[in-house]
Amino acid sequence: MTETPTETVRVLVIAAHPDDADISSGGTIARWASEGREIHYVLCTSGNRGSNDPRMTTQLLGEIREREQRAAAEILGVASTTFLLQEDCELQETLAFRKEVAGLIRQFKPAILMTHDPWTRYRIHPDHRAVGFTALAAIVVAGNQMYREGMAPHTVGEVYLFQTDNPDYWVDVTATIDAKIEAIRQHKSQVSHSGEAMVARVREWAKQAGLEHNMAFAEGFKAVSPRH
Ligand SMILES: [Zn+2]
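Here the residue numbers are simple positions, counted from 1 along each chain's written sequence. Where totals are concerned, whole chains, interfaces and linings use all residues; where local detail is concerned, this predicted model gives features only for residues with pLDDT of at least 70, and gives and counts side-chain atom pairs only at 80 or more. Hydrogens are left out, water is left out, and the side-chain values use all remaining heavy atoms of the structure.

A. Spotlight on the overall build of the chain. Under the DSSP-based scheme used, a helix requires at least four consecutive residues in state H or I and a strand at least two consecutive residues in state E, with every element numbered from the N terminus. Scanning the chain from terminus to terminus reveals 7 helices and 7 strands. Along the chain, helices and strands appear, N-terminal first, in the series β-α-β-α-β-α-β-α-β-β-α-α-α-β. Only C-alpha atoms enter the radius of gyration; for comparison, a globular chain is expected to reach 2.2 Å times N to the power 0.38, where N is the number of residues. Its C-alpha radius of gyration of 17 Å places the chain within 12% of the 17 Å reference for a compact globule of 228 residues. Overall, the chain is about 50 × 45 × 35 Å in size when its C-alpha atoms are taken along their principal axes. Accessibility here uses a 1.4 Å probe with only protein chains present; expressed as a share of the type maximum, an area under 20% marks a residue as buried, one over 50% as exposed, and anything in between as partly exposed. Expressed as a percentage of the 228 residues in the chain, the buried residues total 48%. In this description, contact between two residues means that some pair of their heavy atoms is separated by no more than 4.5 Å. Residue pairs in contact within the chain that sit at least 24 positions apart in sequence constitute 80% of those at least 6 positions apart.

B. Spatial organisation of unusual backbone geometry. The phi torsion at Asp-19 lies on the positive side, around 90°, for a residue other than glycine. Structurally, the position occupied by Asp-19 is in the loop between strand S1 (10-15) and helix H1 (20-34). Of the residues examined, Asp-19 reaches a relative accessible area of 11% and is grouped as buried. Look at Tyr-122: it is not a glycine, yet its phi comes out positive at around 65°. Relative to the helices and strands, Tyr-122 resides in the loop between strand S4 (112-116) and helix H4 (126-142). With relative accessibility at 76%, the residue Tyr-122 sits in the exposed group.

C. The arrangement of the state of the cysteines in detail. We call a pair of cysteine sulfur atoms a disulfide when they lie within 2.5 Å. Evaluation of the coordinates by the stated rule reveals 0 disulfides. Note on Cys-44: no disulfide assigned, nearest cysteine sulfur contributed by Cys-89 at a separation of 13 Å.

D. How the structure looks around the pairing of strand S7 (residues 218-224). A pair of strands is treated as paired once DSSP finds two or more bridges between them. Two strands pair when backbone bridges link them, and strand S5 (residues 158-162) and S7 are joined in this way by 3 bridges, in the antiparallel orientation. By the bridge assignment for S7, Tyr-160 is matched with Ala-223. Direction of pairing for strand S6 (residues 169-172) relative to S7: antiparallel, over a ladder of 4 bridges. Directly across from Tyr-169, in S7, lies its bridge partner Phe-221.

E. Representation of H4 within the structure. Each helix should span, by expectation, one fewer than its residue count multiplied by 1.5 Å. Here H4 spans 24 Å end to end across 17 residues, near enough to the 24 Å set by a 1.5 Å rise per residue. Along H4, 13 of the 17 residues are buried, which leaves the element largely enclosed by surrounding structure.

F. Spotlight on the pattern of salt bridges. Salt bridges are defined as contacts in which a side-chain nitrogen from Lys or Arg sits within 4 Å of a carboxyl oxygen from Asp or Glu. Per the counting criterion, the structure on display carries 11 salt bridges. Notably, a salt bridge pairs Asp-53 with Arg-55, separated by 3.2 Å at the nearest N-O pair. For Asp-53, a relative accessible area of 28% corresponds to the partly exposed category. One salt bridge connects Glu-196 with Arg-185, and the closest N-O pair in it is separated by 2.7 Å. In this pair, Glu-196 sits in helix H7 (residues 195-211) while Arg-185 sits in helix H5 (residues 177-185), placing the two residues 11 residues apart along the sequence. Residue classification places Arg-185 among the partly exposed positions, given a relative accessible area of 32%. Beyond isolated ion pairs, a larger network of salt bridges with shared partners links Arg-49, Glu-87 and Glu-90.

G. The arrangement of the side chain of Glu-219 in detail. Checked against the element boundaries, Glu-219 lands in strand S7. A residue is classified by how much of its surface remains accessible, and Glu-219, at 3% relative accessible area, is buried. Within 3.5 Å is the distance limit for a polar contact, defined as a pair of N or O atoms, with the added protein rule that one can donate a hydrogen and the other accept it, and that residues adjacent in sequence qualify only through two side-chain atoms. Within the local environment of Glu-219, its side chain forms a polar contact with the backbone nitrogen of Gly-26, the two atoms lying 3.4 Å apart. A polar atom in the side chain of Glu-219 sits 2.5 Å from the side chain of Thr-28. Here Glu-219 is in contact with Ser-24, Ser-25, Gly-26, Gly-27, Thr-28, Tyr-169, Trp-170, Val-171, Val-173 and Lys-180, once residues within four sequence places are set aside.

H. Representation of the nonpolar core in the model. With 34 residues, the main nonpolar core has Val-13, Ile-29, Trp-32, Ile-39, Tyr-41 and Met-114 as its most contacted residues. Beyond its immediate sequence surroundings of up to four residues, Val-13 is in contact with Ala-21, Ile-29, Ile-39, His-40, Tyr-41, Val-42, Met-114 and Phe-162. With 26 residues, the next largest nonpolar core counts Val-42, Leu-84, Ile-105 and Ala-130 among its residues. Only buried residues count toward a nonpolar core. Its members are Ala, Val, Leu, Ile, Met, Phe, Trp, Tyr and Cys residues joined through side-chain atoms within 4.5 Å.

In structure tokens, the structure reads:
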């Protein structure tokens, strides 16, 4: 594809665990990457407690899942993947975490930020909520001139929340649904037990999301204004 002379649109994706962004948004990420957008992943944990295998250790699982996430990100065309190495199942909305994420926003200077919808009803994983609230708070402070000297403020232009139960922004992922499925297959430690059922479910979600929007396959997000 040809490069446009305009400035590259950078997208920062902030997720709690490996596979969260790929399962919820992989089609959109692959599409945007193919259109020349520069996608950066930030994984707050390495998902090092995501196993029921009694022989598995948190150390080994973290390493396995980082590898799986990097392989998936490569398929989607993600430019960089950063692991913050916090403990799985222990994320909290602290000021220190907010500062760290605000620093990443100022470092990557994204036009678009994607993260968990922390208001999604009845999804009980605390890490998803903690990351969603922290990333949204970090957007606010990253743009504040008086917040933390040393790095220039950055104002995010658009925010899309994934894993939402209240979507109002749909992306046609018909051309990239197969890449998304291929990316999800890289998370072998997670999909090995659910296998093809998981793949079928992901395809069905995308089909349902597209039905009312004249798209064969779609992903839905909640768009929120970064202005406050
Ligand atoms: Zn997760």
